[in-house]
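The residues making up each chain are set out below.
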Amino acid sequence: MNTPDDVKVSVQESIRKVSRWVEQHNYQAYDPGDGGLSFLRYFTFDIHFLRRLLTATVLRVPFHIRPLIGVKSHTSTKGMGYMGWGYTKMYRLTRAEEYRRRAEFVFNWLMLNRSKGYQHYCWGNHFSFSTRSGTIPDIHQQLYGVA
């Protein structure tokens, strides 16, 4: 039977492995809704149903289709926020300086990559996301009406 200390060690090791993977990949990965980054988006002709079909296809296809349709791994502001939150929590728990430095790096990145055109700090996706209820435009479309 696992003791609380065994569980704690196991959780900390899992966190270290996830952090290492993310850092080795320069904080870049794919987003479940990033089908709008594909060159195929031009063939949706801005028709909601076709955009939704592209998003759903990329999300649900049973193999790694993104490289085949031009979707590259990217840095997510949401992902960076979660990493910063996690590093902050780990620093609070362990007082390990490495977590403070990592949190500082991530929060500096977020400050440098905030959405332009707003008075306060905010972030948005750099791709459109289509669902049954509508399309959420990327931050540039929201601000400037451009893709």
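A brief report on the enclosed structure follows. (Residues numbered from 1 in each chain as written. Predicted model: local features only at pLDDT ≥ 70, side-chain atom pairs only at ≥ 80, totals over all residues. Heavy atoms only, no water.)

**Here's the deal with the packing of aromatic side chains**
Step number 1: Per the stated rule, a full pass over the model turns up four aromatic pairs.
Step number 2: Taking the centre distance of 5.5 Å and the plane angle of 35° together, the rings of tyrosine 27 and phenylalanine 105 count as tilted. Of this pair, tyrosine 27 sits in the loop between helix H1 (4–24) and strand E1 (28–29) while phenylalanine 105 is found in helix H4 (residues 97–112), placing the two residues 78 residues apart along the sequence.
Step number 3: Overall, the relative accessible area of 15% leaves tyrosine 27 in the buried class.
Step number 4: A residue is classified by how much of its surface remains accessible, and phenylalanine 105, at 43% relative accessible area, is partly exposed.
Step number 5: The ring of tyrosine 121 is capped by arginine 114, whose NZ or CZ atom sits 4.2 Å from the centre of that ring. (Phe/Tyr/Trp six-rings, centres within 6.5 Å; stacked < 30°, edge-to-face > 60°. Helix = DSSP H or I, 4+ residues; strand = E, 2+ residues; numbered from the N terminus. Buried < 20%, exposed > 50% of the residue type's maximum accessible area, 1.4 Å probe, protein only. Lys NZ or Arg CZ within 6 Å of the ring centre and 35° of its normal.)

**Some thoughts on empty space enclosed by the protein**
Step number 1: This structure, assessed with the given rule, holds one cavity of 30 Å³ or more.
Step number 2: The computed volume of the largest cavity comes to approximately 30 Å³.
Step number 3: Forming the boundary of the largest cavity are Asp31, His74, Ser76, Thr77, Gly124, Asn125, His126 and Phe127.
Step number 4: Counted by class, the lining of the largest cavity contains one nonpolar, six polar and one charged residues. (1 Å grid on protein atoms, 1.4 Å probe; cavity = no way out; pocket = protein on both sides within 12 Å on 5 of 7 lines; lining within 4 Å. Points joined across faces, edges and corners; volume = space filled by probe spheres on them. Nonpolar A, V, L, I, M, F, W, Y, C, P; charged D, E, K, R; others polar.)

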